[in-house]
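Descriptive structure summary
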Amino acid sequence: MARAPETRLRRHATTVGFVVNRALAGVAALAVLTAPVAAQLPEAEDAFARGDYRTARVLYDSVLARDSLNPRALYRLAIFDSWDGKLKQSLARFARLRQVEPLDPATMVAHARVLSWDGQTRRSEALYDSVLVLAPDRADALAGRARAIAWGGDLSRAERLWREALERHPDDPEILTGLAQTLYWEGEPALAEGYVARARELAPADRETGDLLDQVLAERRPIVGVSVDGTNDIEHNSFVTLSATFGASLRYDLRGSLRASFRRNEAGSLTGRSDGVDGWLVKSFPGGATARGGLGVRMLDPDSGATRRFATAQLGVGLRPSRYASVDIAYSHYPFDETVLLVRRHFVWDELGVSGDYAPRPNLAFSAVANAAWLSDGNRRLIGSASVMVGVARGLNVGGYVRVMGYRVVHPGRGYFAPGRFLLGEGRVAYAWRRRVWGLRATGGLGAQQVGTDGVTQGEWHGDVTVSRSWRAIDELSLVGLYTNSAAARSGTATTGRYWYWSVGLRYRRGL
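Positions within a chain are numbered from 1, following the residues in the order the chain's sequence is written. Only residues with pLDDT of 70 or above have their local features reported here, since the model is predicted, and side-chain atom pairs are shown and tallied only from 80 upward, although totals for entire chains, interfaces and linings are computed over all residues. Hydrogens and waters are ignored; side-chain quantities use all the structure's heavy atoms.

1. A few points about the overall build of the protein
Each helix corresponds to a stretch of at least 4 residues labelled H or I by DSSP, and each strand to a stretch of at least 2 residues labelled E; elements are numbered beginning at the N terminus. Scanning the protein from terminus to terminus reveals 12 helices and 16 strands. Here the protein holds 512 residues, and 40% of them are scored as buried. Areas reported here follow the Shrake-Rupley algorithm with a probe of radius 1.4 Å; residue values treat only the protein chains shown as occluding. A total accessible area of about 26,700 Å² is found for the protein, and carbon and sulfur atoms account for 59% of it. Residue exposure (1.4 Å probe, protein chains only): buried if accessible area is under 20% of the type maximum, exposed if over 50%, otherwise partly exposed.

This is the structure in structure tokens:
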């Protein structure tokens, strides 16, 4: 019986040892399971630092698969998503990350930046304000808040905030570039040039700064452009157009342009030509508004009949009510030289148009056009169109387009003929690709049209493509092509049956 306590002690020790061994085994197993995460995270960070983003993404995804709340993996993957244009997915990751690290300034700044990219400028501004409560002199937060306000359309307030930030950080390239960008939007390229040039000195490798400097310089230096276009349709109405343009800044807020053009029309054995010269001035105002006006002369010379010269005129106002919206109002007076028959008849248009664009988010854009024209034969034309495009993947947009035209014949039996009504509706797909100096843009549409009040509904389609090669900011050579069966391709068409139309052009633009 004396050994009983010793036996119980041994049994107790054995039990304790077993429990300890189980615990140690669990710790060892946990260490084995978590070892890959600990190993992969430094590897992912190293790949990110080397610029090997594909490998880094794979490693961060692996880390997150084992640890769904790993702060570093969530942060990096949210950044990758924002770079890829997956803004909603990026914001979802930031929301999870903010639950883990709610007051980390770097995370808050990155989150606010993506909010602004997504068009949520008010939420972005509020989050930047929260960062500045924690760190009042943080440069990236000061810059981000000013940028969000500028993108929201309040350029005057944004300029004031950029200047206040510059007083605290006089040599910060991001702040200098942001102030220059805002001044450029306000129609002050001369002021913008000094700030962005200083930013380029401080950050010579920064692409955004370099692009802005090129834009500002291009805005102020002379530009020459040359283009040649040729078209034909099922009715054998063809033409070739040559034009040359020269533009230069007369002062920091005033730019002038001069254009000379030649056009030769053919329809079977009939020929006619039109050529002329016109010039115009564009005045920029603070806030992004512009005003333009121009005069010129154009000659219509048919192969038979009299040659006549006509004065041309244009007036216009451009407005930017917000960072994401623009409105343009324009009036023009010009001869109608679209086909040989029109050249022979010496018709002249007076045309008034209003157009607008609105892009509240990076992947959403609306546009609308209203146009009224009065022809010299007394007849009238009204046109309205609208489109919406939505981004569904990188470079890929889908949407719809509608167009309505009404032609009122005031004097039946004379003058220019066009359908009394034209209706068009189509779905559209647009793809844009750019790799360094090369660019590609292609658009396709499929829908239905009705030509004439008594016309039958027809299938409608079109396809166009532009291939471009660019140098510096604005130097570019581009080849464009279009093929369609849409009667909307040419406003002078009178066909109500089968129809097709093609066009090809070459354009060159260079800054001097």
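2. Examining the side chain of Asp337
Within the fold, Asp337 resides in the loop between β7 (325-335) and α12 (340-345). Whether two residues are in contact is decided by their heavy atoms, any of which lying within 4.5 Å being enough. With sequence-adjacent residues up to four places away left out, Asp337 is seen in contact with Arg263, Asn265, Ser274, Arg298, Leu300 and Val343.

3. Let's talk about unusual backbone geometry
Even without a glycine there, the phi angle at His346 is positive, about 55 degrees. Under the relative-accessibility criterion, His346 is labelled buried at 12%.

4. Brief notes about the pairing of strand β15 (residues 475-484)
Regular strands show a simple pattern: their side chains alternate between the two faces of the sheet. By the bridge criterion, 10 bridges tie strand β14 (residues 457-471) to β15 in an arrangement that is antiparallel. Each bridged residue has a counterpart across the sheet, and for Val467 the counterpart in β15 is Leu479. Whether two strands pair comes down to DSSP finding at least two bridges between them. The pairing of β15 with strand β16 (residues 501-511) spans nine bridges and is antiparallel. Residue pairing in the sheet places Thr484 in a bridge with Tyr501 of β16.

5. Description of the nonpolar core
Formed by 53 residues in total, the largest nonpolar core has its most connected members in Tyr60, Phe94, Trp162 and Ile175. Once residues lying within four places of it in the same chain are set aside, the contact partners of Ile175 are Ala139, Ala143, Trp162, Ala165, Leu166 and His169. Residues belong to one nonpolar core when they are buried, are Ala, Val, Leu, Ile, Met, Phe, Trp, Tyr or Cys, and are joined through side-chain atoms within 4.5 Å.

6. Overview of the environment of Pro42
Structurally, the position occupied by Pro42 is in helix α1 (residues 4-50). For the pair Pro42 and Ala56, spaced 14 residues apart in sequence, the C-alpha separation works out to 10.0 Å.

7. Re the side chain of Asp172
As for its placement among the helices and strands, Asp172 is situated in the loop between α8 (155-168) and α9 (173-185). For the buried Asp172, which has no salt bridge, the nearest side chain bearing the opposite charge is Arg147, at an N-O separation of 7.7 Å. Polar contacts, as used here, are pairs of N or O atoms within 3.5 Å; protein pairs need one atom able to donate a hydrogen and one able to accept it. Residues neighboring in sequence count only if both atoms are side-chain atoms. Polar side-chain contacts of Asp172 include one of 3.0 Å to the backbone nitrogen of Glu174. When charges are counted, Lys and Arg are positive and Asp and Glu negative, with His and the chain ends excluded. A side-chain nitrogen of Lys or Arg and a carboxyl oxygen of Asp or Glu constitute a salt bridge if their distance falls within 4 Å.

8. Description of the pattern of salt bridges
Opposite charge on two side chains lets them pair, provided their charged atoms get close. Under the defined criterion, the tally for this structure stands at 31 salt bridges. Between Arg72 and Glu45 there is a salt bridge whose closest N-O contact spans 3.1 Å. Taken together, the positions of Arg72 in helix α3 (residues 71-83) and Glu45 in helix α1 put the pair 27 residues apart, joining distant regions of the chain. In this structure, Asp129 engages Arg145 in a salt bridge whose closest nitrogen and oxygen atoms are separated by 3.3 Å. Here Asp129, found in helix α6 (residues 121-134), pairs with Arg145, found in helix α7 (residues 139-151); they are 16 residues apart in sequence, far enough to count as distant. With a relative accessible area of 17%, Arg145 lands in the buried category. Each of Arg57, Asp81, Asp84 and Arg93 takes part in one network of salt bridges that share partners.

9. Focus on the confidence of the model for the protein
Here the protein averages 83 in pLDDT, and 88% of its residues register 70 or above. Every residue gets a pLDDT, meaning the predictor's confidence in that residue, from 0 to 100. Scored below 50 in pLDDT, residues 1-35 makes one contact in the model with residues more than four places away or belonging to other chains.

10. Regarding the packing of α3 against helix α4 (residues 87-100)
Lines fitted to C-alpha atoms define the axes here, with helix axes fitted over just the stretch in contact, and angles between the N-to-C directions of these axes take values from 0 to 180 degrees. Where α3 meets α4, the closest approach of the two axes is 8 Å, and the angle between their N-to-C directions is 160 degrees. One finds that α3 runs roughly antiparallel with respect to α4. The element α3 and its partner α4 pack so that their crossing is left-handed. On α4, the residues touching Pro71, Leu74, Tyr75, Leu77, Ala78, Ile79, Asp81 and Ser82 of α3 are Leu87, Gln89, Ser90, Arg93, Phe94, Arg96, Leu97 and Val100. Its residues placed into classes, the contact of α3 with α4 shows 10 nonpolar, three polar and three charged. Any angle from 65 to 115 degrees is called roughly perpendicular, while one under 35 is roughly parallel, one over 145 is roughly antiparallel, and all others are oblique. Handedness of a crossing is defined here by the sense of rotation of the near helix relative to the far one, left-handed for an anticlockwise turn of less than a right angle and right-handed for a clockwise turn. Asp, Glu, Lys and Arg are counted as charged, while Ala, Val, Leu, Ile, Met, Phe, Trp, Tyr, Cys and Pro are counted as nonpolar; the rest, among them Gly, fall into the polar class.

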